[in-house]
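Summary of the model geometry
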Amino acid sequence: MAGRSLPPVGVFALQGDVREHVAVLAQLGADVREVRTPAQLAEVGGLVIPGGESSVMDKLSRLFGLRDPLRDRIATGMPVYGTCAGLIMLADRLHDAIEGQLSLGGLDVAVRRNAFGTQLDSFETDLAVPALGEPPVHAVFIRAPVVDEVGAGVEVLASLDDGRVVAVEQGRLMGTSFHPEVAGETRFHARFLDHVAAAS
Ligand SMILES: NC(=O)CC[C@H](N)C(=O)O
């Protein structure tokens, strides 16, 4: 489906693992653009916000005048997929944010940054994601956040064995604590492109 009538899609490119997301989206047939300016944002029909450091993404998005246009597009229904720091950016509420750190919001969730402490800073696990079918997702967690609170309109896509929520969706906004793009996993990005197709 991607590549047929799909508008260009963007990857937020001021900070983070931009190249990996561009590669997955291109592999799925999308016309991918890196987004650093409001003009570039206006050209895309959906956006991936990568992993990286959410406090830096916040600062840079304000500095580059992207924060308000991003909030407008999210409010008017642009599909967005955030991984890790990108999930933090999409959360309405942050736990353990650094002082003054803002998120963009959109997802009615509270997200805790760096939720796995030092011992489990980074780990990999196979995760059942019923909405994506079989096989399980090989999920790579890198200084990852978890979703602490989930609002009424939010669907939980995946949880760890201990019940902690690590993937959510609300309308056309989706967020994962982990990084599918570094593990050769394409189904979250394909689902994001489905959202873009449905929105355009
Ligand atoms: N891999 C990641 O994106 C880590 C997120 C980072 N710990 C943050 O708070 O933004």
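Residues numbered from 1 in each chain as written. Predicted model: local features only at pLDDT ≥ 70, side-chain atom pairs only at ≥ 80, totals over all residues. Heavy atoms only, no water.

The protein chain carries the name Pyridoxal 5'-phosphate synthase subunit PdxT in an unreviewed UniProt entry, which gives Microcella humidisoli as its organism. Entered under Sequence similarities (unreviewed entry) in the UniProt record, the comment concerning the protein chain runs "Belongs to the glutaminase PdxT/SNO family." The Function (unreviewed entry) field of the UniProt record for the protein chain holds the comment "Catalyzes the hydrolysis of glutamine to glutamate and ammonia as part of the biosynthesis of pyridoxal 5'-phosphate. The resulting ammonia molecule is channeled to the active site of PdxS." (UniProt positions renumbered as here; feature names shortened; annotations may be inferred.)

Below, the discussion takes up the site of the ligand. All residues in the neighbourhood of the ligand are listed as G51, G52, E53, S54, C84, A85, I88, R113, N114, I142, R143 and H179. In this structure, I142 approaches the ligand through a main-chain N or O atom, which is 2.9 Å from a nitrogen atom. Its residues assigned to classes, the shell around the ligand shows 4 nonpolar, 5 polar and 3 charged. (Near = heavy atom within 4 Å. Polar contact = N/O pair within 3.5 Å; in protein donor to acceptor, adjacent residues only side chain to side chain. Nonpolar A, V, L, I, M, F, W, Y, C, P; charged D, E, K, R; others polar.)

This part covers the pairing of strand 2 (residues 32–35). Two elements, strand 1 (residues 9–12) and strand 2, share 4 bridges in a ladder whose sense is parallel. When the bridges of strand 2 are listed, V11 appears paired with E34. Following the backbone out of strand 1, through helix 1 (residues 18–27) and into the adjacent parallel strand 2, one traces a crossover that is right-handed. (Pairing = 2+ DSSP bridges. Helix = DSSP H or I, 4+ residues; strand = E, 2+ residues; numbered from the N terminus. Right-handed = clockwise from strand over helix to strand, strands pointing away.)

What follows deals with the UniProt feature "active site" (unreviewed entry) in the protein chain. Per the UniProt record, the feature "active site" (unreviewed entry) sits at C84, H179 and E181. A maximum C-alpha distance of 11.2 Å among these annotated residues, which run over 98 residues, shows that they cluster at one spot. Inspection of the secondary structure puts C84 in the loop between strand 4 (80–83) and helix 5 (85–90). Overall, the relative accessible area of 4% leaves C84 in the buried class. Sequence-distant contacts of C84, defined by excluding residues within four places in its chain, comprise G51, I142, R143, A144, P145, T176, S177, F178 and H179. (Buried < 20%, exposed > 50% of the residue type's maximum accessible area, 1.4 Å probe, protein only. Contact = heavy atoms within 4.5 Å.)

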